[in-house]
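Notes for the structure review
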Amino acid sequence: TGSFGVNDGNVHIVDKIIIGSGSGFDFGNTNHSFTVKSTGNNAGFSVLSSAGGELVRFIQESNDAGQMDFYDGGSPKIRLSSHANANNYISNGGNVGIGTTSPTTPLEVVGSGDTYVTIKAGASDGNVGFLFDDSGGNQHGFLLYDTDDDHMYIGAGNSEAVRIKSDGNVGIGTTNPDAKLKV
């Protein structure tokens with residue numbers, strides 16, 4: 001089913017196109033592009049395995065957003081979406097590496113010399129940091145920087161334990177240290 005046509009130098013295929021083994025698209029050394037036009041949400045195209053299961057899917061998620069899913073065994077393992085309210089994820093149970101092809105922890109960042117990870121607040125008066133939760137989502141500790149008050153918090157047991165102020169004063173068990181170390 002479907003239709004095939006040529007109009008104004010463009011090839012139009014309605015329904016689907018199947019390219020057999022050994023076939024493919026090659027637009028090297030030309031000014032042409034490969035375009036798939038969506039006709040609504042969740043429209044797009046997939047790259048299928050030889051068994052017919054999805055390997056990669058590209059879809060129009062909404063009128064102005066796209067989504068790309070990578071599959072393994074019929075389940076999406078990596079999702080990248082440009083939609084403002086979408087969750088992007090990697091759920092293959094493995095580790096993620098930036099700058100390495102063999103990460104040994106859930107997230108490993110490797111640079112070439114001094115390496116930094118930057119976390120930016122969404123507002124000039126926001127907090128940035130790390131929260132330490134158990135598998136049930138209960139927070140047990142944190143390392144936060146308060147960008148508007150310009151100090152760092154270290155928390156344990158879901159309470160602030162240490163505060164480091166921008167003037168260098170450190171407080172243990174107090175939120176307003178007025179000396180280099182106040183306990």
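Treat the numbers as computed from the prediction; the structure is a model and nothing was measured.

1. Some points on the overall build of the protein
- Scanning the protein from terminus to terminus reveals zero helices and 15 strands.
- Across the 183 residues that make up the protein, the buried fraction comes to 14%.
- Across the protein, contacts joining residues at least 24 apart in sequence account for 2% of those joining residues at least 6 apart.
- When the accessible surface of the protein is totalled, it reaches about 13500 Å², and 51% of it is carbon and sulfur.

2. Points about the environment of threonine 105
- Looking at the element boundaries, threonine 105 is found in the loop between strand 8 (96-98) and strand 9 (107-109).
- The exposure class of threonine 105 is partly exposed, given its relative accessible area of 36%.
- Beyond its immediate sequence surroundings of up to four residues, threonine 105 is in contact with Asn95 and Val96.

3. Section: the pairing of strand 13 (residues 159-165)
- Looking at chain direction, strand 12 (residues 151-156) and strand 13 are connected through six bridges and run antiparallel. Paired with tyrosine 153 across the two strands is arginine 163, which belongs to strand 13.
- Connecting strand 12 to the antiparallel partner strand 13 that follows it, the hairpin turn spans two residues, and glycine 157 within it adopts a positive phi of roughly 60°.
- Joining the antiparallel neighbours strand 13 and strand 14 (residues 170-172) is a turn of four residues, in which glycine 168 adopts a positive phi near 95°.

4. What to know about the side chain of histidine 151
- Relative to the helices and strands, histidine 151 resides in strand 12.
- Residue class for histidine 151 comes out buried when judged on its relative accessible area of 6%.
- Within polar-contact distance, the side chain of histidine 151 engages the backbone oxygen of aspartate 149 at 3.1 Å.
- In this structure histidine 151 touches Leu144, Tyr145, Asp146, Arg163, Ile164 and Lys165, once residues within four positions along its chain are discounted.

5. Observations regarding a negative patch on the surface
- The grouping of Asp125, Asp148, Asp149 and Asp150 at the surface amounts to a negative patch.
- Take aspartate 150: it is sitting in the loop between strand 11 (139-146) and strand 12.

6. Observations concerning the pattern of salt bridges
- With the rule as written, the count across this model stands at four salt bridges.
- In this structure, aspartate 69 and arginine 57 form a salt bridge, with 2.9 Å as the shortest nitrogen-oxygen distance. A residue pair is termed long-range when its members are at least 10 positions apart, and aspartate 69 in strand 5 (residues 65-72) and arginine 57 in strand 4 (residues 54-62) qualify at twelve residues.
- For aspartate 69, a relative accessible area of 0% corresponds to the buried category.
- Across the pair arginine 163 and glutamate 160 runs a salt bridge whose closest N-O atoms are separated by 2.8 Å.
- What makes arginine 163 buried here is its relative accessible area of 12%.

7. Some points on the sheet that holds strand 13
- Across the sheet, which stays open at both edges, the six strands sit in the order 10-11-12-13-14-15 with mixed pairing between neighbours. Among the strands making up the open sheet, the edge pair consists of strand 10 (127-133) and strand 15 (181-182).
- In this sheet, strand 12 lies alongside strand 11 in antiparallel orientation, the contact comprising six bridges. From the neighbouring strand, tyrosine 145 faces strand 12, where its bridge partner is methionine 152.

Reading the values: the criteria
Residues numbered from 1 in each chain as written. Predicted model: local features only at pLDDT ≥ 70, side-chain atom pairs only at ≥ 80, totals over all residues. Heavy atoms only, no water. Helix = DSSP H or I, 4+ residues; strand = E, 2+ residues; numbered from the N terminus. Buried < 20%, exposed > 50% of the residue type's maximum accessible area, 1.4 Å probe, protein only. Contact = heavy atoms within 4.5 Å. Areas by Shrake-Rupley, 256 points an atom, 1.4 Å probe, with all protein chains shown as cover. Pairing = 2+ DSSP bridges. Polar contact = N/O pair within 3.5 Å; in protein donor to acceptor, adjacent residues only side chain to side chain. Patch = residues over 30% accessible without salt bridge, like charges linked within 9 Å, V, L, I, M, F, W, Y side chains within 5 Å. Salt bridge = Lys/Arg side-chain N within 4 Å of Asp/Glu carboxyl O. Lys, Arg positive; Asp, Glu negative; His and termini not counted. Charge placed at Lys NZ, Arg CZ, Asp CG, Glu CD.

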